Structure formats: C-alpha cells, structure tokens
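A closer look at the structure
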Amino acid sequence: MDERERIAMLSRAFATAAPGVLVGIGDDAAVLETPPGARLVWTIDQQVEGVHFRRELVGWRDIGWRSFMAAASDVAAMAAAPWCALSALVLPGDVDDAALEELARGQREAAAVVGAPVVGGNLAGGATLSIATTLLGTSTAPAIERRGARAGDGLWMAGRVGLAAAGLRALERGAGYDARSRVAVAAWRTPRALIDEGRAMAGVAHAAVDVSDGLARDVGHLADASGVGVVLDEAALLADAELVAVAEALGESALELALHGGEDYALVAASDAPIPGFRRIGELRAGAGLALRGAAGERALEPRGYDHFAAVRTGKPPGA
C-alpha cells in the first residue's frame with residue numbers, strides 16, 4: 001500500500017465513535033467537546049525501536065499494545081479516566097503492510113481495553129521505527145500529582161514489579177517459554193495500565209507515580225517532588241512468589257528486579273489510609289533519601305533505574 005492507502009486502512013481500523021469526539025480519525029485534526037466540568041489530563045509516550053523494544057523479541061501486535069498502555073499508565077497515575085488518543089507512527093521501509101495492520105490491531109485492542117479510542121494521528125517514513133501515543137484523560141477532581149506526599153504516609157502499590165524485567169531477560173536468553181518465565185514474558189510483552197486502580201486513588205492518595213523506569217527510581221521522583229524520605233519494605237517486595245521463582249530460574253536477584261527493573265506500569269501512591277487494590281510496601285518520613293528495610297535493618301538505596309540519557313552516554317542497550 002502507498003501512503004494514501006495506509007492512511008485509509010488506519011482510518012478503518014480506528015473508526016470508533018466516542019462521547020465528545022465530534023470529528024475523529026481521517027480529517028486534518030480531531031475535534032473534541034470537553035465534558036462539562038471536567039479537567040483534561042494529557043500525556044505523550046514514545047516507544048522507539050532499539051530503546052524500548054527489539055523486533056526479534058516481540059510481535060507487531062504486542063508493539064502496538066505496549067505503546068498504548070505506556071501512555072495510559074501515565075493517565076492512570078493521576079487518577080483520571082482515559083478519553084481518547086492520537087497516534088504518530090514513523091515507519092522504516094522494511095515495515096510491510098501486514099506488520100502495520102498487526103501493529104494497529106494491538107493499538108486498537110489496547111484502546112478498547114482502556115476505553116480511549118484513537119481519533120487521529122500522523123504517519124511518516126523514517127530510519128527508525130517509532131510510535132508516539134498522545135492520550136487525553138478527564139477528571140472531575142483535582143489530579144493526583146507526584147508532589148503532595150506527607151511524612152507519616154504509607155506507601156502503597158497496585159500491580160507487580162520486577163516481572164517485566166525478568167521477562168525481557170528470559171527472552172534475551174531464549175528462555176521465553178520456560179514454565180516459570182511465561183508469566184514474566186507476558187508481563188513485558190503485554191503490560192496493562194491499571195485504570196481502575198488509578199481511579200480508586202481519587203480522594204484518598206496524596207501523591208502518586210507510575211512505575212515505568214524502575215520502582216526505586218520512580219518512587220525517588222515522588223519523594224523528591226514531595227520533599228520527603230522513603231523507606232521500602234524488602235519483605236513486601238519479595239512477597240511475589242512468581243517473581244522469586246523466575247528470578248531463581250534466571251540466576252537473578254528478585255530484589256534487584258523489583259527495585260530497578262521497570263516497564264511494569266504498577267502504580268505507587270502515598271496515603272494515610274489503605275487504597276482498594278493496593279498493598280503497603282513502605283512509608284514516607286521527614287527528610288530525604290531512599291532506604292530499604294530488611295531483616296538486618298535499614299540500608300541506603302540508590303534511586304537507580306532506566307535513564308535514557310545515561311544509556312546514550314554509556315552506549316548500553318535496554319536491559320544491559
């Protein structure tokens with residue numbers, strides 16, 4: 001297909017009506033009517049080949065799914081409801097029509113699960129495969145920011161951490177279909193934004209963040225924005241039996257995967273009360289810094305995780 005035919009195919013793939021969308025995909029721009037009294041929550045996330053995924057490790061449908069869910073998780077972290085999305089694709093010449101249709105299928109399926117149809121975007125050729133997803137959400141309450149956590153708050157998490165990183169390592173080693181690593185491979189290939197859990201934070205959480213670059217790194221962002229210190233509970237992080245099993249099979253540290261793995265899209269919130277769907281993994285205290293509490297006491301913890309620009313400087317690929 002040429003460009004015109006590909007645009008027509010994408011228009012058919014994403015031709016879904018949605019409340020408040022007056023003009024959708026297929027025109028020069030989408031036209032939206034904001035719900036009365038709603039605040040708009042906007043985010044954009046970009047997935048780039050060689051940085052976020054490698055084709056030999058993931059199928060086209062999953063690439064589309066992952067790209068959409070990464071953006072949706074940002075909206076979930078602010079307790080907003082996804083509304084609609086824009087998708088911008090940069091396609092190298094070796095991406096054929098069948099691959100593009102599967103990629104669009106993954107985006108469409110993720111959009112349906114999240115409840116935010118794709119209403120427009122852009123298609124271009126380029127040297128590197130890239131998918132940029134702009135997602136709009138709405139909220140009738142103030143958005144939950146990274147700042148706002150208080151000393152004395154509990155630190156609560158929805159979702160799981162460490163499994164996606166374990167799944168990537170399993171795929172890189174050719175162990176993707178080992179019984180113990182199957183759940184981890186699925187966690188990396190088809191993550192799911194925690195929309196309902198995010199909505200449950202409204203009116204309860206003082207601050208929140210989604211976990212995309214590693215738990216320690218992202219919790220560190222929340223702590224820095226709020227001007228507090230964090231203590232994570234080692235036992236709580238190692239309570240995931242499947243993570244412990246796959247880490248053992250791979251010869252990896254389950255704790256390292258949980259703290260520094262990333263791409264799980266869990267949600268972490270600061271609150272002085274329990275949040276439905278969340279479990280306690282630590283607390284916040286006066287001061288600064290990050291610590292890990294284990295059987296032997298506390299130790300300082302480096303807020304380490306994935307850093308795009310550090311990776312560029314060191315030349316290390318994702319997962320290295």
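Residues numbered from 1 in each chain as written. Predicted model: local features only at pLDDT ≥ 70, side-chain atom pairs only at ≥ 80, totals over all residues. Heavy atoms only, no water.

Aromatic rings considered in pairs are described by the distance between their centres and by the relative angle of their planes. Enumeration according to the criterion identifies zero aromatic pairs in this entry. Above the plane of the ring of Trp188 lies Arg66, whose end atom (NZ or CZ) is 4.4 Å from the centre. (Phe/Tyr/Trp six-rings, centres within 6.5 Å; stacked < 30°, edge-to-face > 60°. Lys NZ or Arg CZ within 6 Å of the ring centre and 35° of its normal.)

As a further point, take the sheet that holds strand β8 (residues 207–211). Read across the open sheet, the seven strands follow the order β8-β10-β7-β11-β9-β12-β13; overall the sheet is mixed. A strand with exactly one partner marks an edge of an open sheet, and here the two such strands are β8 and β13 (297–300). Between one strand and the next, the sheet's axes are offset by a mean angle of 25 degrees, whatever the strand orientation. Pairing geometry for β8 and strand β10 (residues 266–271), over five bridges, is antiparallel. (Pairing = 2+ DSSP bridges. Helix = DSSP H or I, 4+ residues; strand = E, 2+ residues; numbered from the N terminus. Axes fitted to C-alpha atoms, helices over the stretch in contact; angles between N-to-C directions.)

A positive phi angle, close to 60 degrees, is found at Ala79, a residue other than glycine. With a phi close to 65 degrees, Glu263 is a non-glycine residue in the positive phi region. Position of Glu263 among the secondary structure elements: in the loop between α10 (254–260) and β10. According to the relative accessible area criterion, Glu263 is buried, its value standing at 16%. (Buried < 20%, exposed > 50% of the residue type's maximum accessible area, 1.4 Å probe, protein only.)

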